[in-house]
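Remarks on the overall topology
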Amino acid sequence: MIVSWNTTNACNMYCEHCYRDAGCKAEDELSTAEAKKMIGEIARAGFKIMIFSGGEPLMRPDILELVRHAASAGLRPVFGTNGTLITEGMARELKAAGALGMGISLDSLDAEKHDAFRSFPGAWAGAVRGMENCRKAGLAFQVHTTVMDWNEPELSAMTDFAVEKGAVAHHFFFLVPTGRAVNIETKSLDAGAYEAVLSRIMEKQKSVPIELKPTCAPQFLRIASEKGIRTRFRRGCLAGLAYCIIGPRGKVQPCAYLDIEAGDVRKTPFDEIWKTAGIFRRLRTLGYQGGCGVCKYKGVCGGCRARAAYYAGGDCMAEEPLCLYHGGKA
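To keep things clear, this report deals only with the structure shown in the data block. Everything numeric in this text was worked out from a predicted model, so none of it was measured.

Throughout the structure, instances matching the rule amount to two cavities of 30 Å³ or more. Estimated volume of the second largest cavity: approximately 70 Å³. Taken together, V147, F174, L175, P177, S188, L189, Y194, R307, Y311 and L322 form the lining of the second largest cavity. Its residues assigned to classes, the lining of the second largest cavity shows eight nonpolar, one polar and one charged.

The structure is reproduced here in structure tokens:
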């Protein structure tokens with residue numbers, strides 16, 4: 001099971017697609033003591049992997065202390081970061097603290113395009129330098145790419161770049177219109193392109209030695225099955241089933257893009273929220289509507305619940321709108 005914690009809303013960038021609308025530190029973010037208490041509750045709930053994200057998690061002054069605490073609690077600490085703050089020294093300190101992997105964002109092989117998307121001059125160079133510093137320190141890293149219509153032709157070459165740099169994986173994040181991303185919804189892929197890109201990623205997996213993983217695109221498991229491609233993943237959308245996210249102030253929701261509050265760790269222990277929250281119970285029924293409800297792949301795919309909610313007026317159990325299969329009726 002995986003939990004992601006937005007450690008802070010502070011960020012040195014202002015990315016076009018940010019679901020958290022990050023930039024400035026939020027008022028009343030969880031303190032070090034509150035975070036440590038929450039980490040204990042996360043471990044007690046049976047979670048294994050803890051993602052430190054943001055904002056930019058490396059802007060939080062106590063981040064190394066919290067990584068050490070998570071590791072000592074039996075969790076596997078990993079990161080989602082823009083990579084620009086990973087100096088050689090920071091990479092060594094992160095590894096020593098117990099961090100096991102860094103997910104570093106890179107959205108184009110064209111530095112100008114990446115920098116523009118991230119609203120930060122030097123973002124591309126900083127991300128690549130962060131990768132190189134991780135490699136020097138022996139700290140595993142993977143490349144994270146947000147898939148848009150303008151970078152879709154680059155994806156295969158970006159995977160080759162990730163291999164060249166020494167990444168252990170390349171994960172592709174398919175846009176869900178939440179936060180600032182609602183302003184760039186028209187740059188996301190349509191259903192046909194979405195299916196075609198997933199097919200190409202699965203084909204690419206046959207020829208590269210690193211893991212390729214689409215995120216917010218659970219149909220990749222259907223496509224992998226159709227192509228006879230073996231993958232270690234057994235479930236597409238994990239929201240509320242084996243994954244959730246916690247905001248900087250301690251609010252819990254099923255995933256980063258499904259803005260439905262499940263609870264507040266300042267009021268209720270996290271393990272109790274995970275066990276009893278109504279939204280989690282509803283998601284665990286797999287009682288989907290439309291094509292998702294009758295699809296033979298609903299147990300392994302499940303459709304993107306956040307995308308379903310966005311396009312169905314907030315109903316997270318609605319049919320996934322960007323799936324061409326629709327329960328076999330395509």
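After presenting the structure, the write-up continues.
Looking now at helix α7 (residues 191–205). Count 3.6 residues to each turn of an α-helix, and residues three or four apart come out pointing the same way. Helix length check: α7, at 15 residues, gives a terminal C-alpha distance of 21 Å against a target of 21 Å (1.5 Å per residue), a fit within 8%. Within α7 the residues assigned to the buried category are A191, Y194, E195, V197, L198, S199, I201, M202, K204 and Q205. For α7, the elements touching its buried residues are α6 (155–165), β6 (169–174), β7 (211–215), α8 (220–227) and α12 (305–311).

Here we take up the packing of aromatic side chains. The tally for this structure, following the rule as stated, stands at twelve aromatic pairs. Linked through ring pairs, F47, F270, W274 and F280 together constitute an aromatic cluster. Sitting over the ring of F233, K213 keeps its end group 5.3 Å from the ring centre.

With that settled, consider the packing of helix α3 (residues 88–97) against helix α5 (residues 123–137). At their nearest, the axes of α3 and α5 sit 8 Å apart, and the two run at 50° to each other. The orientation of α3 relative to α5 falls into the category oblique. In the crossing of α3 with α5, the sense of the turn from one axis to the other is right-handed. Across the interface between the two elements, E88, A91, R92 and K95 from α3 touch N133, C134, K136 and A137 from α5. Of the residues that constitute the contact of α3 with α5, the class distribution is three nonpolar, one polar and four charged.

For α3, the full list of buried residues reads M90, A91, L94 and A97. Along the axis of α3, the buried positions cluster into a sector of 130°, meaning they face one direction only. Opposite the packed face of α3, turned more than 90 degrees from it, sit the exposed residues R92 and A96. Where α3 is buried, its residues contact α2 (63–72), β3 (76–81), β4 (101–105) and α5. Directly after α3, the chain includes G98, whose backbone phi takes a positive value near 120°.

If you trace the ten strands from one edge of the open sheet to the other, you get β7-β6-β5-β4-β3-β2-β1-β8-β9-β10, paired in mixed fashion. On the outer flanks of this sheet lie β7 and β10 (263–264), each paired with one strand and no other. In the packing of α6 onto the sheet, contacts are made with β5 (141–147), β6 and β7, and the angle to β6 comes to roughly 145°.

Take T84: it is sitting in the loop between β3 and α3. Side chain to side chain, T84 and N12 meet in a polar contact 3.0 Å long. Within the local environment of T84, its side chain forms a polar contact with the side chain of N82, the two groups lying 2.7 Å apart. If near-sequence neighbours (up to four positions away) are discounted, T84 is found in contact with N12, M13, F120, A123, G126 and A127.

Here the focus is the nonpolar core. Core analysis: the largest hydrophobic core is formed by 92 residues, its most contacted members being M50, F174 and F270. What F174 contacts, discounting residues up to four positions off in sequence, is V147, L189, Y194, V197, L198, I201, P214, T215, C216, A217 and R307. Judged by nonpolar contacts, the second largest core, of six residues, contains C11, M13, C15 and A123.

Let us now look at the pattern of salt bridges. With the rule as written, the count across this model stands at 21 salt bridges. Among the salt bridges present, the one from D160 reaches K204, with a minimum N-O distance of 2.9 Å. A residue pair is termed long-range when its members are at least 10 positions apart, and D160 in helix α6 and K204 in helix α7 qualify at 44 residues. Owing to a relative accessible area of 39%, D160 belongs among the partly exposed residues under this scheme. Connected through shared salt-bridge partners, D28, E34 and R266 make up one network.

To continue, consider a nonpolar patch on the surface. A surface patch of nonpolar side chains, amounting to about 260 Å² of accessible area, comprises V182, Y310 and Y311. You can see Y311 is positioned in helix α12. Accessibility expressed as a relative area gives 40% for Y311, which makes it partly exposed.

On to unusual backbone geometry. Cis peptide bonds are those with omega within 30 degrees of zero, and the linkage from G54 to G55 qualifies with 10°. Position of G55 relative to the elements: it lies in the loop between β2 (49–53) and α2. Backbone geometry places C216, a non-glycine residue, at a positive phi of 60°. Along the chain, C216 turns up in the loop between β7 and α8. Using a relative accessible area of 16% as the deciding quantity, one classes C216 as buried. You will see that L286, though not glycine, has its phi angle at about 55°, which is positive. Mapped onto the elements of the fold, L286 is located in the loop between α10 (278–283) and α11 (290–294).

Rules of the game
- Counting restarts for each chain: residues are numbered from 1 in the order of the written sequence.
- Whole-chain, interface and lining totals are the exception, using all residues; otherwise, since this is a predicted model, local features are given only for residues with pLDDT of at least 70 and side-chain atom pairs are given and counted only at 80 or more.
- Values reported for side chains reflect all heavy atoms of the structure, with hydrogen atoms and water molecules removed beforehand.
- Using protein atoms alone on a 1 Å grid, points that fit a 1.4 Å probe yet trap it form a cavity, whereas open point sets bounded by protein on both sides within 12 Å along at least five of seven lines form a pocket; residues with an atom within 4 Å of a point count as lining.
- Grid points are joined across faces, edges and corners, and a volume is the space filled by probe spheres set on the points.
- The nonpolar class holds Ala, Val, Leu, Ile, Met, Phe, Trp, Tyr, Cys and Pro. Asp, Glu, Lys and Arg form the charged class, and all remaining residues, Gly among them, are polar.
- Secondary structure elements follow DSSP: runs of H or I no shorter than four residues count as helices, runs of E no shorter than two count as strands, and numbering proceeds from the N terminus.
- By this rule, a helix spans an expected 1.5 Å times one less than how many residues it contains.
- Categorising residues by exposure relies on relative accessible area from a 1.4 Å probe, with only protein chains included: less than 20% of the type maximum marks a residue as buried, more than 50% marks it as exposed, and the intermediate range marks it as partly exposed.
- Note on contacts: a residue pair is in contact if any heavy atoms of the two residues lie within 4.5 Å.
- Stacked, tilted and edge-to-face are the three classes applied to pairs of Phe, Tyr and Trp rings, where Trp contributes its six-membered ring and a pair requires centres within 6.5 Å; stacked means planes under 30 degrees apart, edge-to-face means over 60, and tilted covers the rest.
- Criterion for a charge above a ring: Lys NZ or Arg CZ within 6 Å of the ring centre, and within 35 degrees of the ring normal.
- All axes are obtained by fitting lines to C-alpha atoms, using only the stretch in contact for helices, and the reported angles, taken between N-to-C directions, cover 0 to 180 degrees.
- With respect to orientation, any angle under 35 degrees is reported as roughly parallel, any angle over 145 as roughly antiparallel, any angle of 65 to 115 as roughly perpendicular, and every other angle as oblique.
- Crossing chirality is assigned from the near helix's rotation relative to the far helix, an anticlockwise turn below a right angle marking it left-handed and a clockwise turn marking it right-handed.
- Starting at the helix axis, one direction is taken to each C-beta atom, and the arc is that of these directions.
- Whether two strands pair comes down to DSSP finding at least two bridges between them.
- Here a polar contact is taken to be a pair of N or O atoms separated by no more than 3.5 Å, where protein atoms must pair a possible hydrogen donor with a possible acceptor and residues adjacent in sequence count only if both atoms sit in side chains.
- Throughout this description, the term nonpolar core refers to a set of buried Ala, Val, Leu, Ile, Met, Phe, Trp, Tyr and Cys residues connected via side-chain atoms within 4.5 Å.
- We define a salt bridge as a side-chain nitrogen of Lys or Arg found within 4 Å of a carboxyl oxygen belonging to Asp or Glu.
- The patches described consist of residues with a relative accessible area above 30% and no salt bridge, like charges being joined within 9 Å and nonpolar side chains (Val, Leu, Ile, Met, Phe, Trp, Tyr) within 5 Å.
- Here the Shrake-Rupley method, with its probe set to 1.4 Å, supplies the accessible areas, and only the displayed protein chains count as covering residues.

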